[in-house]
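# Structural description and commentary
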Amino acid sequence: MNADFLALAQMAVGGGLMGMAYALMAYGFQLTYTAGKSVNFGQGELVMLGAFIGLSLTGIGLPYWAAVPGAMVAGAALGWFVERAAVRLALQQRNEGWILLTIIVGLFGVSAAENIWGRDDKPFPVPWPEGALEFFGISVTWPELVIAAGALGMMALVELAKRYTMLGIAVQAVSADPDSAELCGIRSKSAISLSWAVSGAAAAFAGTIIAPVTTVGPTMAAALTLKAFSVAVVAGLDSGFGLVLAGIALGSAENLSGFLLGSGWREAPGLILLILALALRPQGIFGKKIIRKV
Amino acid sequence: MKASRFILTVLLSTSLSSVAMAADVVKIAITGPFSGGSAPMGLSMRDGAKLAISQINQNGGINVGGTKMKIELIERDDEGKNDRGALVAQEISAMGDISAVIGTVNTGIAVMGDKYYVEKGIVKIITPAAGSASMTQWSKAGTKDLPIFRFAAHDGIQAQMVVEQATRLGLKKVAILHDATNYGVSGRDDLIEQIKKQGGKLKVVAIEKFAIGDKDMTGQLIKAKVSGAQAILIWGIGPELAAVASGKEKLGFKVPMIGGWTLSMSNFIDTAGTAGNGALMPQTFIEDESIQRARPFIQAYHKAYGVAKIPSPVSAAQGYDATMLLAEAIHEAGSTKPAQIKASLENLKATVKGAIADWKKPWSKWDPSNVETHEAFRRTNTVMGKVKNGRVVLANPSEKVLLEGKKTK
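Residues numbered from 1 in each chain as written. Chains lettered and ligands numbered in written order. Predicted model: local features only at pLDDT ≥ 70, side-chain atom pairs only at ≥ 80, totals over all residues.

## As for the overall build of chain A
Heads up, the rule is: The numbering of helices and of strands both runs from the N terminus, where a helix is a DSSP run of H or I of at least 4 residues and a strand a run of E of at least 2. Here the globule rule is a power law, 2.2 Å times the number of residues to the power 0.38, and the radius of gyration is based on C-alpha atoms. For every residue, the other C-beta atoms within 10 Å of its own C-beta are counted; 20 or more classify it as buried, 12 or fewer as exposed, and values in between as partly exposed. C-beta atoms are placed from the backbone.
The number of helices and strands found in chain A is eleven helices and two strands. Secondary structure of chain A in N-to-C order comes out as α-α-α-α-β-β-α-α-α-α-α-α-α. The C-alpha radius of gyration computed for chain A amounts to 19 Å, which stays within 12% of the reference 19 Å derived for 294 residues, consistent with globular compactness. Principal-axis analysis of the C-alpha atoms gives chain A an extent of 65 × 50 × 35 Å. The buried share of chain A, taken over its 294 residues, is 52%.

Below is the structure:
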């Protein structure tokens, strides 16, 4: 009985830590959604490209500490590029073309990665100690702890910047009402661009912390986008705290269902949660209902 | 006007010259995964075969009925995917002038695609795919006349060795982990059958599967650990094997991993790092220059491809030896026609000195009730290897004799 309980706890904890990575990716969705009412359906591909760029930077001899910021800069540039290339025009024309365009840019990223780095999964070297730590009989590895700490740290940092820097406040103003913000002298286009760049940087950062656990490969992104999107929808697209809870819940649920029902059922809880959330609470569990005044 | 006439002349002359060329070349196709999770095996097999081809061509080619014919190579990447592999087989069998095919790493592809070769009677030497199904499918179908030969230690032999090794280590309880592909599932069945055959000394306390692309094996490993398994018998390919090794390390589950020869793949050894040390697997070839028979091949491979380590030494050596055997068969057949090549493969007269062994009549006339007729390897051609600091070494040093002086059968 005790051993069974411990096994379940182990699975839940491992899944929850990985779930923090989903939360960080979902946070990337949230950033661009609040600013410009659009999200990057190629977010997973940005995660993958960030991981590959980080890997290449360590490959040319940079230490991990330098490779991560390097990957984030590249991720910011890519996020900015996606917004300029795929989103801005579609939004100006008030159509939903950006959905397809962001997916296409993502697919283009996959092809590029296959051609540049090859189709094989590669290990991502990290300076963390090997082996595992044990808490009350539950094993946790260093890379897993780094995912949790990194995801929380990154989200906290961006939230603080949003509240206490001029740029952050400007972006918030644009999220609240782009037209009024423009009247106050804020260029809403630039604010939206900035949110995409930050979202891209967060995605690349997520890549560099996930990759040591999952290895790096062009297809690592495919499942991640869907999971992060589930987390974002379930939590609501405007609650940072909710994302973390939903991420942990999804990660644990996945691991537990894989463990109890067999590994083929791993993906089921995410999809079920997504369907339930869309049917019962489209604004998300932690989201505020938007009341349109006519 | 002038330009178009020029183009016409060039086209005509090239097409004429290719007709002239076609008369004195032997066309051989090599298929395998040159990208994806099983790429180390596919690429090494291809490069080993190409090494043999370049050596043969440097000596003027194969003597076919008095004329020296060079080998022309056609390469196709099946990406390790069943459907893609079937398309490749369809394409090659439709070309019409292919004498023989060497390759296939993934058992599922042999199951899906080889029927196209059998329909057209094209000779194929399967290497290094080891799954039992790629040959037993023909014995089950009762095929009378089979142009498919295997040049790899098939899973029946490998499972036998894995179970022997576990028994030798004095183990009582084992867990079986396998991937959900044709290879993994038939490997699991081979293991269970072998345990029965060897007197049921091992008790299987857990059977767990995983999918291609799974990175987190904690669940399967916890079940194995809780059930008290003393070893993990495993059938899968590199990336997932590495995930199992690192999961084992994470859980502090320090039991040996014994499995199919895929535990020697570079994408297991390199990704698992120190977690992979001690993994045991059957090998037909060990990349160890102190073995005299192997040394010339190892050195030639390193030199030709500028590497210090062969990604999959077994695949490379098997690709090389298979090509040498095929060349001898074409020579003895005195023809580039698949039917004649098949007949001479079933009855090779000369002994072929390869990187693995001196091959003396490795195959015999196909008998649907006995797949061994088209299998080149026996238990005695195969040794146990062990991962040690990024390389595969002999697990039982006493078996070095086998690799040195071994004759086949």
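## A word on the overall build of chain B
What chain B contains, in helices and strands, is 14 helices and 15 strands. Against the 2.2 N^0.38 benchmark of 22 Å for 409 residues, chain B shows a C-alpha radius of gyration of 22 Å, consistent with a compact globule. Here the C-alpha coordinates of chain B stretch approximately 80 × 50 × 45 Å along the principal axes.

## Focus: the confidence of the model for chain A
For clarity, the cut-off: One confidence number per residue, pLDDT, is output by the predictor and ranges from 0 to 100.
For chain A, mean pLDDT is 88; residues scoring 70 or higher make up 98% of the total. Here strand β1 (residues 132–135) of chain A stands out as the element of chain A with the lowest mean pLDDT, 83, in contrast to helix α2 (residues 43–59) of chain A, whose mean of 94 is the highest.

## Describing the domain arrangement of chain B
The accessible area lost on association of the parts is a frequent measure of interface size. Residue and element names in this part refer to chain B. Rules: Where a domain begins and ends is set by an automatic assignment or by a domain database. Note on contacts: each residue gets a C-beta atom placed from the backbone, and two residues are in contact if those atoms are within 7 Å.
Per the domain assignment, the segments making up chain B are domain 1 (2–153 + 291–377) and domain 2 (156–283 + 395–405). Relative placement of domain 1 and domain 2: their C-alpha centres are 30 Å apart. Listed per partner, the contact involves 21 residues of domain 1 and 23 residues of domain 2. For the side of domain 1 that touches domain 2, the elements supplying multiple residues, two or more each, are α2 (39–58) and α4 (107–120). No other element matches the three residues that α4 contributes to the side of domain 1 that touches domain 2.

## Let's talk about the interface of chain A and chain B
Applicable threshold: Three classes are used: nonpolar for Ala, Val, Leu, Ile, Met, Phe, Trp, Tyr, Cys and Pro, charged for Asp, Glu, Lys and Arg, and polar for all others, with Gly counted as polar.
At the interface, 22 residues of chain A touch 23 residues of chain B. For the side of chain A that touches chain B, the secondary structure elements donating two or more residues are α1 (2–36), β2 (138–141), α8 (188–214) and α10 (240–261) of chain A. Top element by residues in the side of chain A that touches chain B is α1(A). It accounts for five residues. In terms of residue class, the side of chain A that touches chain B is made up of seven nonpolar, eleven polar and four charged.

## Quick notes on helix α8 (residues 218–226) of chain B
Counting buried positions over the nine residues of α8(B) gives seven, a clear majority of the element. Inspection of α8(B) places B:Thr218, B:Gly219, B:Gln220, B:Leu221, B:Ile222, B:Ala224 and B:Lys225 among the buried residues, and these make up the whole buried set. As for α8(B), its buried residues are in contact with α1 and α10 of chain A together with β7 (173–179), β8 (203–210), β9 (231–235) and α9 (238–250) of chain B.

## Some thoughts on the packing of helix α6 (residues 166–176) of chain A against α8(A)
Residues and elements named next belong to chain A. The following threshold applies: Here an axis means a line fitted to C-alpha atoms, over the contact stretch when the element is a helix, while the angle between two N-to-C directions is reported on a 0 to 180 degree scale. Small angles under 35 degrees read as roughly parallel and large ones over 145 as roughly antiparallel, with 65 to 115 read as roughly perpendicular and the rest as oblique.
Two elements in contact, α6 and α8, have axes whose closest approach is 9 Å; the angle formed by their N-to-C orientations is 110°. Taken together, the axis directions place α6 and α8 in an arrangement best described as roughly perpendicular. Of the residues in α8, those in contact with Leu167, Ala170, Val171 and Val174 of α6 are Ser188, Ala191, Ile192, Leu194 and Ser195. Across the contact of α6 with α8, the residue classes tally to seven nonpolar, two polar and no charged.

## Some details on the pairing of β1(A)
All names here are of chain A. The line we're drawing: By this definition, two strands are paired if DSSP reports at least two bridges between them.
As judged from the four bridges shared by β1 and β2, these two strands associate in the antiparallel manner. From the neighbouring strand, Leu133 faces β2, where its bridge partner is Val140. Here β1 folds back onto β2, and the loop between the two strands holds two residues, one of which, Phe136, carries a positive phi near 50°.

## A few points about the nonpolar core
Proteins that are soluble and globular tend to have nonpolar side chains buried together. Residues and elements named next belong to chain A. Under the convention used in this document: In this usage, the nonpolar core is the set of buried Ala, Val, Leu, Ile, Met, Phe, Trp, Tyr and Cys residues whose C-beta atoms join them within 7 Å.
Within the largest apolar cluster, 210 residues are counted, with the highest numbers of intra-cluster contacts made by Ala21, Leu24, Ala26 and Val231. Broken down by element, this core gets its largest block of residues, 17 residues, from α1. Among residues more than four places away in sequence, those in contact with Ala21 are Ile147, Ala151, Ala206, Ile209 and Ile210.

## So, α8(A)
All names here are of chain A. Threshold: Each helix should span, by expectation, one fewer than its residue count multiplied by 1.5 Å. In this scheme, the bend at a residue equals the angle between the axes fitted to the seven residues that finish there and the seven that begin there.
With 27 residues, α8 should reach 39 Å at 1.5 Å per residue; the first-to-last C-alpha distance of 38 Å fits that figure. Maximal helix bending in α8 amounts to about 25°, located at Thr208; proline Pro212 follows within four positions. The buried fraction of α8 amounts to 24 of the 27 residues, a majority that puts the element mostly inside the structure.

## Here we look at the pairing of strand β14 (residues 383–388) of chain B
The two faces of a sheet get side chains in turn, since along a regular strand they alternate between them. Residue and element names in this part refer to chain B. Bridge analysis of strand β11 (residues 280–283) against β14 gives four bridges, and the strand direction is antiparallel. Bridge assignment links Met281 to a residue of β14, and that residue is Gly385. As judged from the four bridges shared by β14 and strand β15 (residues 391–394), these two strands associate in the antiparallel manner. Note on β15: the bridge partner recorded for Val387 is Val392.

## Examining the environment of A:Gly150
Tracing the backbone through its elements, the reader meets A:Gly150 in helix α5 (residues 142–164). Not counting the four nearest positions on each side in its chain, A:Gly150 is found in contact with A:Phe205 and A:Ile209.

## Thoughts on unusual backbone geometry
Here the bond from B:Thr127 into B:Pro128 is cis, since omega is 0°, no more than 30 degrees from zero. Mapped onto the secondary structure, B:Pro128 falls in the loop between β5 (123–126) and α5 (133–141). Of note in this structure, A:Thr215 is not a glycine but carries a positive phi near 65°. Position of A:Thr215 relative to the elements: it lies in the loop between α8 and α9 (220–235). Positive phi, close to 45°, is recorded for B:Lys361, a residue that is not glycine. Tracing the backbone through its elements, the reader meets B:Lys361 in the loop between β13 (358–360) and β14. Judged by local crowding, B:Lys361 falls into the partly exposed class, with 16 C-beta atoms found within 10 Å.

## A look at the packing of α5(A) against α8(A)
Residues and elements named next belong to chain A. Close contact between α5 and α8 brings their axes to 8 Å; oriented N to C, the two are set at 170°. For the element pair α5 / α8, the angle class is roughly antiparallel. Of α8, the residues touching α5 (which contributes Pro143, Glu144, Val146, Ile147, Gly150, Met154 and Val158) are Val198, Ala202, Phe205, Ile209, Ile210, Pro212 and Val213. Here the contact of α5 with α8 is composed, by residue class, of twelve nonpolar, one polar and one charged.

## Focus on the environment of A:Trp65
Residue and element names in this part refer to chain A. Here Trp65 lies in helix α3 (residues 64–92). For Trp65, a count of 9 C-beta atoms within 10 Å gives the class exposed. In the structure, Trp65 is positioned 91 residues away from Ala156 in sequence and 19 Å away in space, judged by C-alpha atoms.

## Observations concerning the confidence of the model for chain B
All names here are of chain B. Across chain B, the average pLDDT comes to 89, with 93% of residues at 70 or higher. For the stretch residues 16–22, pLDDT sits under 50, and the model shows one contact to residues farther than four places along the chain or on other chains. Across the whole predicted complex the pTM is 0.79, and at the interface the ipTM reaches 0.75.

## A short note on the sheet that holds strand β6 (residues 148–150) of chain B
Residues and elements named next belong to chain B. Ordered by their spatial adjacency, six strands build an open sheet running β2-β3-β1-β4-β5-β6, and the pairing between neighbours is mixed. Two strands bound the open sheet, and with one partner strand each, they are β2 (62–64) and β6. Each strand axis lies, on average, 30° off the axis of its neighbour in the sheet, ignoring direction. Sheet topology places strand β1 (residues 25–32) next to strand β4 (residues 100–103); four bridges connect them, and they run parallel. Note on β4: the bridge partner recorded for Ile28 is Ala100. With respect to the sheet, α2 is in contact with β1, β2, β3 (67–77) and β4, its orientation differing from that of β3 by roughly 165°.

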